[in-house]
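# Commentary on secondary and tertiary structure
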Amino acid sequence: MNSEDDDEGSAPIGPKASEGERITGRRRPLRGISLRAVLPNAITAAALCAGLTGIRFAISADWERAVFAVILAGVLDGIDGRIARLLKAQSRFGAELDSLADSLSFGMAPALILFLWSLQDLPRFGWFASLAFAICCALRLARFNARIDMDEQPHKSAGFLTGVPAPVGAGLAFLPFYLWLASGEPIFREPIVVGIWVAITAFLMISNIATLSWTSLRPRKNVRLEIIALVGIVFAALLMEPWWTLAGICVLYLALMPYGIMRYARIRRQRAARAAASRNAS
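An account of the accompanying structure is given in this report. (Residues numbered from 1 in each chain as written. Predicted model: local features only at pLDDT ≥ 70, side-chain atom pairs only at ≥ 80, totals over all residues. Heavy atoms only, no water.)

Before going further, it helps to spend a moment on the nonpolar core. In terms of nonpolar packing, the biggest core is built from 50 residues, with L114, F174, F177 and Y178 touching the most fellow members. Of the residues forming this core, the biggest block, eight residues, is contributed by helix α2 (residues 63-86). Among all residues touching L114, those that are not within four sequence positions of it are L119, A173, F174, V194 and V198. Formed by six residues, the second largest nonpolar core is a distinct cluster that contains A210, L212, Y264 and I267. (Core = buried A, V, L, I, M, F, W, Y, C linked by side-chain atoms within 4.5 Å. Buried < 20%, exposed > 50% of the residue type's maximum accessible area, 1.4 Å probe, protein only. Helix = DSSP H or I, 4+ residues; strand = E, 2+ residues; numbered from the N terminus. Contact = heavy atoms within 4.5 Å.)

On the surface, W127, F128, L131, I135, L139, F203 and I206 cluster together into a nonpolar patch covering about 690 Å² of accessible area. Among the elements of the structure, α4 (123-147) and α8 (191-206) are those that each provide at least two residues to the nonpolar patch. The element best represented in the nonpolar patch is α4, accounting for five residues. Structurally, the position occupied by L131 is in helix α4. Judged by relative accessible area, which is 32%, L131 ranks as partly exposed. (Patch = residues over 30% accessible without salt bridge, like charges linked within 9 Å, V, L, I, M, F, W, Y side chains within 5 Å. Areas by Shrake-Rupley, 256 points an atom, 1.4 Å probe, with all protein chains shown as cover. Salt bridge = Lys/Arg side-chain N within 4 Å of Asp/Glu carboxyl O.)

To continue, consider helix α3 (residues 92-117). Taking 1.5 Å per residue, 26 residues should reach 38 Å; α3 reaches 36 Å between its end C-alpha atoms and fits that length. At A109, α3 shows its largest bend, some 30°, and a proline, P110, comes one to four positions later. (Expected span 1.5 Å × (residues − 1). Bend = angle between axes of the 7 residues up to and from the residue.)

Now for the pattern of salt bridges. Applying the stated rule across the entire model yields two salt bridges. Ionic pairing is found between R65 and D62, a salt bridge with its closest N-O pair at 3.4 Å. By relative accessible area, which is 23% here, D62 ends up partly exposed. The partner of R92 in a salt bridge is E96, with the nearest N and O atoms 3.8 Å apart. Note that R92 and E96 are positioned in helix α3 at a spacing of four residues, about one turn of the helix. The class of E96 is partly exposed, set by a relative accessible area of 39%.

A few words on the packing of aromatic side chains. Counting across every chain of the model gives eight aromatic pairs. Ring centres of F115 and W127 lie 5.1 Å apart, and the angle between their planes is 75°; this geometry places the pair in the edge-to-face category. Here the residue F115 occupies a position in helix α3, and W127 occupies one in helix α4, the gap between them amounting to twelve residues. Given the relative accessible area of 37%, W127 is considered partly exposed. Ring centres of F177 and W243 lie 5.6 Å apart, and the angle between their planes is 85°; on these two criteria the pair is classed as edge-to-face. A residue pair is termed long-range when its members are at least 10 positions apart, and F177 in helix α7 (residues 175-183) and W243 in helix α10 (residues 242-281) qualify at 66 residues. Residue classification places F177 among the buried positions, given a relative accessible area of 2%. (Phe/Tyr/Trp six-rings, centres within 6.5 Å; stacked < 30°, edge-to-face > 60°.)

These figures capture arrangement, not role.
So this is what it looks like as structure tokens:
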């Protein structure tokens, strides 16, 4: 707009002048929606498409691309919420869309990929294991949605999660696949082994175990440079040896689970001690 358009009561300007209309100086409200409101949901939709495309790759037995599609969905899922908070574009619609996308990308897609890759060789047990994984993922997300407005969430208030998150659960479920590609050992593709592991992962998703979240990880400031260097090394390892690196990340996460349980138990004892002290003081 020209600078003259901002002056209230100015003479008619432009093609409307012949109609006797005047410019009032008030800016017309912008029509349409802003990119800020669309971007987080667009990323969620991209994550959904990536997860479902993994099923397409699995149907054509392109296993590596199938798993990478689900991993890409997990990366996008980790970005959309942070971008929504950064842009202040959180909404109930976005939360519901995110849960729906997670159920498909990290529940149904891994279940079908693992079934087509291994579990179909043991049709009944294998299909039940796949169903258990998909259902447990949906149940976990339903529990999360039911508690989203609850004030009393002991795990969340302490910076922990309840059970294994859906994207992490999908990554853990693929652990036999990582080891099979990295080592070439056929034992990791055995349907009994895969089925048992998928069932264990499904249980971890719906369990009440306190698991570590990003907010609960608070390394000391004097190791900041070491952590940055470690992240760089892990990224390089993902490029050079992706399957061994992904397997190592899964093993590290599983090894940290007992630490998370013990740390949360310590926080609970501290809270109980403070509550008892406050009652005694009153």
